[in-house]
Amino acid sequence: MENRFKDRPLEYDYSVTKLFMWATIVLGIVGMLVGVIIAWELAFPAVNTMFGSAIAEYTNFSRLRPLHTNAVAYGFTLSGVWASWYYIGQRVLKVSMAESKFLMFIGKAHFYIYAVAVVGVVVSLLLGYTTSKEYAELEWPMDIGIVVIWVLWGISIAGLIGIRREKAIYISIWYFIATFLAIAMLYIFNDMEIPTYFASGGIGNWFHSVSMYSGSNDAMVQWWFGHNAVAFVFTTPIIALIYYFLPKESGQAVYSYKLSLLSFWGLMFVYLWAGGHHVLYSTVPDWVQTMGSVFSIVLILPSWGSAINMLLTMKGEWQQVASSPLIKFMVLGSTFYMFSTLEGPVQAIKSVNAIAHFTDWIVGHVHDGVLGWVAFMIIAALYHMAPRVFKREIYSKSLMSTQFWIQTLGIVLYFTSMWIAGITQGMMWRAHDEFGNLAYSFIDTVTVLHPYYTLRAIGGTLYLIGFIMFAYNIFKTMSARPVEEDELVNASPMGA
Amino acid sequence: MFHWLEKHPFFFSVLVFAVVAFAGLIEIVPSFAQQSRPVIGTKPYTTLQLTGRQVYIKNGCNTCHSQLIRPFKSETDRYGHYSVSGEYAYDRPFLWGSKRTGPDLMRVGNYRTTDWHENHMKDPASVVPGSLMPKYTWLYKNVADVDTAYAEQLTVQRFFDVPYNKPLPMKDGSKETVKLAATLAGARAEALADAKLITANMKDQDVKDMVKEGKIPEIVALIAYLNSLK
Amino acid sequence: MNKIYLWGVIITAVMLGFTYMSVLGSKGGLNGDIINILTVAAAAALVIITIFVVIKYVRQMQVDTATGELAEESWDGIGEYKNNVPFGWAIIFLGTMVWATWYFVIGYPVNAFSQIGQYNEEVAVQNKKFEAKYASITGDRLVEMGESVFLAECAVCHGISADGNDGAAANLNQRLEVKTVKHVIEHGSKNNLLYAGSEMPDRNGLMNANKNYAPITDAEIDTVASYVANGMTGPGADVFAGVCSSCHGTDGKGIDGVAPNIAEFTPAFVVNILNHGKKGVIGTMPKLDKLNKKQKEAVGAYVTSLSK
Ligand code: HEM
Ligand code: HEM
Ligand SMILES: [Ca+2]
Ligand SMILES: [Ca+2]
Ligand SMILES: [Cu+2]
């Protein structure tokens with residue numbers, strides 16, 4: 001099959017990729033800047049009013065936190081995933097977007113409607129329009145926008161696959177398909193809500209809605225969604241990225257097809273069971289909780305399968321890891337993926353969760369995954385795509401290398417501080433004194449955290465600085481370098 | 001088989017969907033069937049309380065505060081009786097939260113009072129030195145949106161049979177009825193009457209003046225909600 | 001030893017050191033609490049396993065070479081080896097799947113675990129432990145226990161030094177403040193301070209026996225209020241004798257079943273407030289049902305000790 005087109009190389013069209021690359025960078029900066037602000041707010045509450053008491057309503061921790069999570073998850077991460085999809089999709093399916101006006105239109109519509117929705121999301125969250133459900137804060141009019149965007153992406157997947165020249169679909173495509181399907185299902189069920197304005201015959205605010213589920217049921221649906229939103233936004237599409245970019249950049253073949261296969265189907269089967277670990281010791285049925293714990297342990301294996309497969313792909317290639325900061329991002333990314341997919345199951349053990357739940361250790365776990373794995377992979381993806389999309393070598397390798405070390409230091413500060421903070425606070429909450437009374441008032445358990453919150457804020461600030469260096473590097477790449485004439489194959493060319 | 005699937009993306013997708021949907025079907029559907037029934041003593045929210053609940057959500061209090069007391073002695077000592085499923089029967093959405101930057105609030109109405117909240121929400125660190133909770137000064141000026149809360153009450157009464165205007169059994173054997181006004185004007189009037197009861201225990205003159213003029217500041221609604229958490 | 005192992009050991013040591021620190025950071029330490037111990041053990045295992053597994057693969061990057069038979073297909077130049085899955089991984093995956101299935105079908109249903117049952121046991125054990133202990137806590141030890149309750153439960157309102165936190169709650173270093181006494185005289189008191197339903201009349205019900213039972217005047221209210229708030233000293237003794245002593249006793253120490261002690265705190269008085277709450281000119285103090293009997297007694301003793 002492949003040979004049919006050998007004499008006529010395809011001209012891939014990266015215009016949609018480019019758009020999403022910009023979105024990735026802009027939303028990355030916005031999302032992480034907000035993250036840094038809220039981190040400093042927890043360390044020094046005066047930061048809540050730093051921008052003036054008059055607008056503190058919009059800049060205080062509780063208003064900004066959902067903006068942070070939405071901006072990084074659905075802004076930064078999804079943009080990175082989509083930039084990569086419009087890149088990888090064409091290349092591994094052997095079709096060009098330029099071949100289909102229709103798909104080109106869909107791709108552009110996908111981006112522009114998304115851009116409008118982003119503005120809508122930012123404004124509505126700042127104004128406090130939220131349903132309060134984590135990672136599903138948006139009110140119903142926004143939900144409709146999201147569905148439209150998702151359907152457009154679906155059409156683009158189906159369309160590209162439909163006109164593909166490569167008969168068998170590559171591993172990355174498996175994961176993109178899974179991401180699309182799972183989120184579609186989860187999002188729709190979790191966001192079942194009734195707009196009160198219409199239901200009450202025109203009273204009150206038109207975009208307010210009320211959840212179809214109540215209490216424990218609502219919680220169960222929410223965390224079935226929430227857990228898998230993590231799985232299918234922060235995990236599966238990122239695996240899609242690494243399965244393409246690591247072998248491609250290093251020029252190595254994937255270590256084992258069988259391992260890819262078992263990890264994929266294992267992950268699909270096991271992931272959805274594990275949501276119960278977010279509601280341990282709550283009022284949802286005991287058995288749902290227990291299944292959550294048990295399957296979280298099982299989940300280590302399919303998760304580690306992908307990571308091991310990637311590490312083994314680099315077998316014998318240490319000199320590449322040592323010399324290329326781009327590959328370092330991906331190797332450390334796999335490592336953090338392994339770390340957070342072992343940390344998660346540990347926290348899912350009921351007795352451990354008794355301490356870890358509600359504390360900063362969870363926040364630490366989250367950022368091991370998102371900073372070390374998700375964001376590192378997206379950064380690596382953009383670095384790999386930039387020379388090929390802009391046809392120029394990467395502006396500066398040493399800048400990239402410095403960025404890598406600054407961000408790695410940032411992550412280390414982030415997770416060690418939250419690790420200590422979480423375990424400390426969890427144990428202090430439980431402590432009883434010699435008389436059998438609670439040993440600490442709540443505020444005692446807050447003030448001890450101050451140094452750790454400060455360290456975390458410093459770590460986060462370092463990470464953001466690294467990200468800005470990245471933005472600069474990409475910007476310079478597209479503007480300051482001469483055009484590369486040759487088709488770039490593996491290792492990305494980098495200036496000093 | 002898998003190799004075949006990889007060449008037939010449609011069937012591949014169908015199988016992925018089936019595998020992914022499977023766990024949800026097994027776990028969620030049966031648990032849903034045994035609907036969460038209210039325990040005795042659980043009442044639906046009044047208009048003012050529900051308005052306050054919306055203020056709570058709008059201001060993201062759930063980003064720092066949980067409303068779920070787990071069955072551990074250390075938690076029941078600190079916050080009171082562990083949570084029971086039926087107590088949440090009228091909570092749409094649920095507000096368990098997932099991070100306790102601040103303490104649990106599931107039963108805060110039992111051990112904090114109107115005047116305390118009034119001082120605390122205005123400047124938490126002045127009441128509890130070292131607190132890192134933001135100052136919610138705007139709540140003392142913004143007018144609360146009672147209409148939307150009323151719309152929500154009508155909606156849940158209509159779609160989920162939430163028992164407004166019906167006598168409900170209480171723990172002490174008595175019956176209580178949560179009234180739901182027939183008209184928007186009636187709902188506003190009831191909320192205002194409740195607001196006056198709250199402001200009687202408050203000191204802020206601007207807040208008192210607003211209520212006198214018939215406007216309910218967000219803080220008053222929020223306190224009504226916090227006091228209802230028991 | 002290879003450098004990389006050395007790094008592994010260092011990182012592990014640092015992480016475990018941090019974990020150790022966080023345990024120390026919580027005053028109680030492990031405290032024999034099985035949950036604490038499990039958590040720390042799990043945290044340690046987490047670090048050790050990740051680091052050494054990753055080192056294993058890094059070693060392979062350093063010394064091994066990629067081998068294997070390539071599959072026919074390649075995507076955008078990416079090939080795939082037909083290597084077998086790593087044996088250890090496959091075995092553990094299979095093992096955990098079998099274990100999960102067993103748990104689902106047999107393990108869980110047979111075990112009949114209930115989190116509320118677990119809670120009841122935990123509480124029973126604790127209660128047993130402390131019931132024995134409580135009997136022997138008296139005197140200074142009781143005050144000490146009371147202080148610990150006070151810091152955990154009361155300091156949020158009354159302040160750490162019990163000074164009322166700038167007027168947000170009652171200053172417990174003195175029995176009464178002027179504004180409270182004034183308010184009570186003017187408006188009466190219905191706080192169940194003595195027994196459920198105990199009431200003091202407002203100013204219309206307070207007559208001065210020395211002045212032919214004339215209603216109490218504004219001036220008299222002022223003087224007697226400062227008299228009481230100053231610990232029953234200074235001017236105003238005559239008004240007190242005329243208006244108040246019939247109920248509160250000549251020394252203000254109260255009369256059983258008639259009126260409470262307003263000269264000083266007594267543990268019983270404080271316990272009554274904790275049982276019923278108190279609404280006054282400063283604000284409202286909630287009743288605190290979450291405290292047990294001994295805790296109330298202890299904090300009563302502590303509050304009483306403050307103004308002594
Ligand atoms: C084997 C895989 C994993 C398991 C079993 C797992 C397990 C857990 C557990 C037990 C919690 C804490 C729930 C609580 O007590 O509140 C949690 C939270 C979380 N995890 Fe993971 N985790 C895994 C992998 C990951 C990865 C790879 C990421 C991201 C890249 C991630 C992101 C999150 C997030 C965002 C939360 C916070 C949810 C919330 O808002 O409460 N997890 N996970
Ligand atoms: C510059 C770096 C970042 C900083 C300083 C930062 C800081 C924070 C802070 C302070 C919180 C709130 C924690 C709390 O409530 O106690 C948070 C939550 C969160 N952040 Fe970040 N963040 C950063 C980057 C990211 C990135 C890149 C992602 C995802 C790609 C991310 C995803 C999340 C998520 C999912 C949560 C919610 C966690 C939970 O609810 O348990 N963050 N972040
Ligand atoms: Ca929604
Ligand atoms: Ca959370
Ligand atoms: Cu999860």
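For clarity, every value in this text was computed on a predicted model and none was experimentally measured. (Residues numbered from 1 in each chain as written. Chains lettered and ligands numbered in written order. Predicted model: local features only at pLDDT ≥ 70, side-chain atom pairs only at ≥ 80, totals over all residues. Heavy atoms only, no water.)

*Asks:* Please explain the domain arrangement of chain C as it appears in this structure.
*Replies:* Reports often express the size of an interface as the amount of accessible area lost when the parts come together. Partitioning chain C into structural domains gives domain 1 (3-115) and domain 2 (130-306). Here the C-alpha centroids of domain 1 of chain C and domain 2 of chain C sit 61 Å apart. (Domains from an automatic or database assignment.)

*Asks:* Would you take a moment to explain the site of ligand 2 for this structure?
*Replies:* Not every one of the 25 residues close to ligand 2 is listed here, only the nearest: A:Arg65, A:His68, A:Glu134, A:His367 and B:Lys99. More than a single chain frames ligand 2: its nearby residues are located in chains A and B. Here an oxygen atom of ligand 2 sits 2.6 Å away from a polar atom, N or O, in the side chain of A:Arg65. One of the side-chain nitrogen or oxygen atoms of A:Glu134 is found 2.9 Å away from an oxygen atom of ligand 2. Listing elements by their share of the shell around ligand 2, those giving two or more residues are helix 1 (15-43), helix 3 (61-93), helix 16 (360-390) and helix 19 (450-480) of chain A. (Near = heavy atom within 4 Å. Polar contact = N/O pair within 3.5 Å; in protein donor to acceptor, adjacent residues only side chain to side chain. Helix = DSSP H or I, 4+ residues; strand = E, 2+ residues; numbered from the N terminus.)

*Asks:* What exactly am I supposed to notice about the nonpolar core here?
*Replies:* As a rule of thumb, nonpolar side chains are buried together in soluble globular proteins. Formed by 287 residues in total, the largest nonpolar core has its most connected members in A:Phe232 and A:Trp419. Of the residues forming this core, the biggest block, 19 residues, is contributed by helix 16 of chain A. Sequence-distant contacts of A:Phe232, defined by excluding residues within four places in its chain, comprise A:Ala178, A:Thr179, A:Ala182, A:Ile183, A:Leu186, A:Pro237, A:Met268, A:Leu272 and B:Val20. Membership of the second largest hydrophobic core comes to 16 residues, among which are C:Met232, C:Val239, C:Val243 and C:Cys244. (Core = buried A, V, L, I, M, F, W, Y, C linked by side-chain atoms within 4.5 Å. Buried < 20%, exposed > 50% of the residue type's maximum accessible area, 1.4 Å probe, protein only. Contact = heavy atoms within 4.5 Å.)

*Asks:* What's the story with the domain arrangement of chain B in this structure? I'm lost.
*Replies:* If you check the domain split of chain B, you get domain 1 (2-33) and domain 2 (47-228). With centres defined by C-alpha atoms, the gap from domain 1 of chain B to domain 2 of chain B works out at 42 Å.

*Asks:* Even after reading the chapter, I still don't get the site of ligand 1, so can you show me in this structure?
*Replies:* Within the structure, ligand 1 sits among 27 residues, and A:Glu134, A:Tyr135, A:Asn353, A:His357 and A:His365 are positioned closest to it. Bordering ligand 1 are residues originating from chains A and B. The contact in question runs from an oxygen atom of ligand 1 to an N or O atom on the side chain of B:Ser98, over 3.2 Å. Residue assignment for the shell around ligand 1 shows that the elements contributing at least two residues are helix 8 (215-234), helix 14 (325-348) and helix 16 of chain A. No other element matches helix 16 of chain A, which puts seven residues into the shell around ligand 1. Considered class by class, the residues forming the shell around ligand 1 number 12 nonpolar, 14 polar and one charged. (Nonpolar A, V, L, I, M, F, W, Y, C, P; charged D, E, K, R; others polar.)

*Asks:* What's the story with the interface of chain C and chain A in this structure? I'm lost.
*Replies:* Counting residues at the interface gives 77 residues for chain C, matched by 81 residues for chain A. Together, the buried faces of chain C and chain A total about 7,100 Å²; carbon and sulfur atoms form 69% of this surface. When the buried surface of chain C facing chain A is broken down by residue, C:Met61, C:Asp76 and C:Trp89 rank first, second and third, together holding 11% of it. The interface formed by chain C and chain A includes five salt bridges. Linking A:Lys248 and C:Asp76 is a salt bridge whose minimum nitrogen-to-oxygen distance equals 3.6 Å. The interface formed by chain C and chain A includes 28 residue pairs in polar contact (both at pLDDT 80 or more). Mapped onto the side of chain C that touches chain A, the elements with two or more residues apiece are helix 1 (3-25), helix 2 (34-63), helix 3 (87-111), helix 4 (115-135) and helix 5 (139-158) of chain C. It is helix 2 of chain C that provides the largest number of residues to the side of chain C that touches chain A, a total of 18 residues. Along the lines of polarity and charge, the residues of the side of chain C that touches chain A split into 42 nonpolar, 24 polar and 11 charged. (Buried area = accessible area lost by both parts, 1.4 Å probe. Salt bridge = Lys/Arg side-chain N within 4 Å of Asp/Glu carboxyl O.)

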